[in-house]
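Chain by chain, the residues run as shown.
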Amino acid sequence: MTINLSKGQAINLQKSDGGTLTAVRMGLGWKAAPRRGLFGKRSKEIDLDASAVLFADKQPVDVVFFRHLVSDDGSVKHTGDNLVGGVGQGGDDEAIMVDLQRVPVHIDQIVFTVNSFTGQTFAEVENAFCRLVDESNGQELARYTLDGGGEYTAQIMAKVARQGSGWQMAAIGSAANGRTFQDLMPTIQPHL
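What comes next concerns the included structure. (Residues numbered from 1 in each chain as written. Predicted model: local features only at pLDDT ≥ 70, side-chain atom pairs only at ≥ 80, totals over all residues. Heavy atoms only, no water.)

### Examining the overall build of the chain
Here is step 1 of the chain: Across its full length, the chain carries one helix and 14 strands.
Here is step 2 of the chain: Residues classed as buried in the chain amount to 53% of the 192 residues present.
Here is step 3 of the chain: Long-range pairs, those at least 24 residues apart, make up 68% of the contacts in the chain between residues at least 6 apart in sequence.
Here is step 4 of the chain: Carbon together with sulfur atoms contributes 48% to the accessible area of the chain, which is approximately 8,800 Å² in total. (Helix = DSSP H or I, 4+ residues; strand = E, 2+ residues; numbered from the N terminus. Buried < 20%, exposed > 50% of the residue type's maximum accessible area, 1.4 Å probe, protein only. Contact = heavy atoms within 4.5 Å. Areas by Shrake-Rupley, 256 points an atom, 1.4 Å probe, with all protein chains shown as cover.)

In structure tokens, the structure reads:
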């Protein structure tokens, strides 16, 4: 059963049978909001980018994004850049896979961000979501839906953090501005 997260809400990550998760996929989906033009409704392409920043003691130690598809240790992998989006409410336009068993013990948080590389604001995006899926069986565990647009170009979507011997996911939903994950680092820090 999927848990729909609210901004700031956290959940412990477990399999539906109570077992420990071993691998998860953070999926990102979106589509361009239709605009009224001289010739009716039309949409322009929007290039959102998903990134995962790996932290150890609140310090960034690695990042996975469209130009660095695999973390240095191989535990986090990006499936590739989608330049236009379009799936919206259904499947993922971009995804980042996390092998939780292979994440080095010193990594204590992984923060997932989304940014508009081409600079469009979220006022031009609809049906944007971030979801966490159990990779062993494809079951969606949690979903954070971005409600409403805004005049910002990025969002700190969610994070997974070590909690004892397991992991916890928290929906962050913090608006930011920036074309790349580097631009977002000052906005990420308060959420660590």
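### Some remarks on the side chain of Lys-159
Here is step 1 of the chain: Within the secondary structure layout, Lys-159 lies in strand E13 (residues 154-163).
Here is step 2 of the chain: At a separation of 2.8 Å, a polar atom in the side chain of Lys-159 contacts the side chain of Gln-109.
Here is step 3 of the chain: Excluding residues within four positions of it along the chain, Lys-159 makes contact with Gln-109, Ile-110, Val-111, Phe-112, Gln-168, Met-169, Ala-170, Ile-172, His-191 and Leu-192. (Polar contact = N/O pair within 3.5 Å; in protein donor to acceptor, adjacent residues only side chain to side chain.)

### Here's the deal with the pairing of strand E6 (residues 48-56)
Here is step 1 of the chain: Along E6, nine of the nine residues are buried, which leaves the element largely enclosed by surrounding structure.
Here is step 2 of the chain: Alternating residues of E6 divide into Leu-48, Ala-50, Ala-52, Leu-54 and Ala-56 and Asp-49, Ser-51, Val-53 and Phe-55, and every residue in both groups is buried.
Here is step 3 of the chain: In this structure, E6 lies alongside strand E10 (residues 109-116), joined through eight bridges in antiparallel fashion. Across the sheet, the residue bridging to Val-53 is Val-111, located in E10.
Here is step 4 of the chain: Bridging between E6 and strand E7 (residues 59-64) involves five bridges; their strand directions are antiparallel. Within E7, the residue paired with Ala-56 across the bridge is Gln-59. (Pairing = 2+ DSSP bridges.)

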